Amino acid sequence: MSAGTFAPRPGAAPVSRMILAQTALETRMLLRNGEQLLLTVIIPALLLTLFSVVDIVDTGDGKPVDFLAPGVLALAVMSTAFTGQAIATGFDRRYGVLKRLGASPLPRWALMAAKTLSVLVTEVLQVVLLTVIALGLGWSPQGNPLSVALLLLLGTAAFSGLGLLMAGTLKAEVTLAAANLVFLLLLVGGGVIVPLDKFPGAVQAVLGLLPISALSDGLREVLRHGAALPWDDVAVLAGWAVLGLGAAGKLFRWE
C-alpha cells in the first residue's frame, strides 16, 4: 500500500489545537454548571448590587460602588481560579477523568494549560459583566488598564495554583467543603466587602498578606485612587503564585 493512502494521515493533532479544543470543552462545561455559575457570576453580581444600593457596610468616603467594584472583581477571580477550579478538578480526579486524559495524546502540561485558559476566558466574561453593572451603579474607575490587567493575571496565577494544589492532594468531597469554606472566610476577611481597617491592627497585618486582600487592595488603589502599580500587592500575589504553582506541580496526584 503506497504512502498517502490514508486521508487525513493518522496521528495526533498539533498540541496547540489540542489545547484550544480542551479549553473550549472546559469552558462549556463550566458555563453549563449551575452551581459554578452561581459561584462565579450570580453571587459577585448580587453582592456588588446589594452593598452598593443598601447602606449596610461603612466603606468610607465616596460612593460605595467605588470601594466595592474592585473588591468584587477580586472576588470573581478567586471564585473562578480557586474555588471553581478546585472543585471541578477535584471531581475530575476522583472520577478518573484526569487519569484518562493523562493517557491520551494530550500532554499533562497541556491539560493544565487548557484549564488555565478556560479560567481566563471565564474571568474575561465576569469582568465585562461586573464592569457593566458597576458602571450602571455609578462607578467611576480610574488608573491604568495595564496595571489592572497585571494584577488580575497575578491574582489568577496565585489562586489557580492554590486551587490545583487543593484538588490534587485532597479527596473531592474534602475539596468541595474546604474550597467553599475558604471562599466564605475570604469574602468576609479579605477586604472585599468589609474594609480591612475595620479589623484590629494585629489581624489587619495577617489579613493583608492573603492573596485576596492583596488583589482587592491593589485593584482599589489603581481603580479608585488612580495610583501607579502597587508593588507591595504585586509582591504578595507573585509570592503566592510561585508558592501555589510550585507546590501543585510537585504534589499534584492524577489519581
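Our structure's up above, just so we're on the same page.
Residues numbered from 1 in each chain as written. Predicted model: local features only at pLDDT ≥ 70, side-chain atom pairs only at ≥ 80, totals over all residues. Heavy atoms only, no water.

Topic: helix H3 (residues 64–94)
Here H3 spans 43 Å end to end across 31 residues, near enough to the 45 Å set by a 1.5 Å rise per residue. Here H3 lies mainly inside the structure; 27 of its 31 residues are buried. Where H3 ends, the next residue or the one after it, Gly96, has phi of about 85°, a positive value. (Helix = DSSP H or I, 4+ residues; strand = E, 2+ residues; numbered from the N terminus. Expected span 1.5 Å × (residues − 1). Buried < 20%, exposed > 50% of the residue type's maximum accessible area, 1.4 Å probe, protein only.)

Quick word on the side chain of Arg220
The topology assignment puts Arg220 in helix H9 (residues 211–225). Buried within the structure, Arg220 lacks any salt-bridge partner; its nearest side chain of opposite charge belongs to Asp217, at an N-O separation of 5.6 Å. Of note is the side chain of Arg220, whose polar atom sits 3.0 Å from the backbone oxygen of Gly191. If sequence neighbours within four positions are ignored, Arg220 has contacts with Phe67, Pro70, Gly71, Gly191, Val192 and His225. (Lys, Arg positive; Asp, Glu negative; His and termini not counted. Salt bridge = Lys/Arg side-chain N within 4 Å of Asp/Glu carboxyl O. Polar contact = N/O pair within 3.5 Å; in protein donor to acceptor, adjacent residues only side chain to side chain. Contact = heavy atoms within 4.5 Å.)

Here we look at the packing of H3 against H9
Contact geometry for H3 and H9: axes closest at 8 Å, N-to-C directions at 140°. It follows that H3 is oblique to H9 by the angle criterion. The two elements H3 and H9 meet at a crossing, and its hand is right-handed. Here H3 contributes Asp66, Phe67, Pro70, Gly71, Leu73, Ala74, Leu75, Val77 and Met78 to the contact with H9, which in turn contributes Ile212, Leu215, Ser216, Leu219, Arg220, Leu223 and Arg224. Looking at the contact of H3 with H9 residue by residue, the classes come out as 11 nonpolar, two polar and three charged. (Axes fitted to C-alpha atoms, helices over the stretch in contact; angles between N-to-C directions. Parallel < 35°, antiparallel > 145°, perpendicular 65-115°, else oblique. Left-handed = near helix turned anticlockwise from the far one by under 90°. Nonpolar A, V, L, I, M, F, W, Y, C, P; charged D, E, K, R; others polar.)

Topic: the nonpolar core
Residues Leu48, Met78, Leu151, Phe159, Leu215 and Leu219 are the most contacted members of the largest nonpolar core, which totals 47 residues. Sort the elements by how many residues they give to this core and H3 lands first, with 15 residues. If we skip the residues at most four places from it in the chain, Met78 touches Thr83, Phe159, Phe183, Leu186 and Ile212. Of all hydrophobic cores here, the second largest spans 12 residues; its members include Met18, Leu111, Met112 and Phe252. (Core = buried A, V, L, I, M, F, W, Y, C linked by side-chain atoms within 4.5 Å.)

Some details on the packing of helix H5 (residues 108–136) against helix H6 (residues 145–169)
Closest axis-to-axis distance for the H5/H6 pair is 11 Å, and the angle between their directions is 130°. When the axis of H5 is compared with that of H6, the two are oblique. The two elements H5 and H6 cross, and the hand of that crossing is right-handed. Across the interface between the two elements, Met112, Thr116, Val119, Leu120, Glu123 and Val127 from H5 touch Leu152, Leu153, Thr156, Ser160 and Leu164 from H6. Of the residues in the contact of H5 with H6, the class split is seven nonpolar, three polar and one charged.

Observations concerning the environment of Glu255
Summarising the element assignment, Glu255 is placed in the segment after helix H10 (231–251). Note: C-alpha distance between Glu255 and Arg100 (155 residues apart in sequence) is 9.6 Å. If sequence neighbours within four positions are ignored, Glu255 has contacts with Arg93 and Lys99.

Examining the pattern of salt bridges
Summed over all chains, the structure comprises three salt bridges. Between Lys115 and Glu26 there is a salt bridge whose closest N-O contact spans 3.3 Å. Residue Lys115 is located in helix H5, and its partner Glu26 is located in helix H1 (residues 15–32); the two are separated by 89 residues in the primary sequence. A residue is classified by how much of its surface remains accessible, and Lys115, at 5% relative accessible area, is buried. Here Asp92 ties to Lys115 by a salt bridge, and the two come within 3.3 Å at their closest N and O atoms. Here Asp92, found in helix H3, pairs with Lys115, found in helix H5; they are 23 residues apart in sequence, far enough to count as distant. Residues Asp92 and Lys115 agree in their burial class; the two are buried. Through salt bridges with shared partners, one network takes in Glu26, Asp92 and Lys115.

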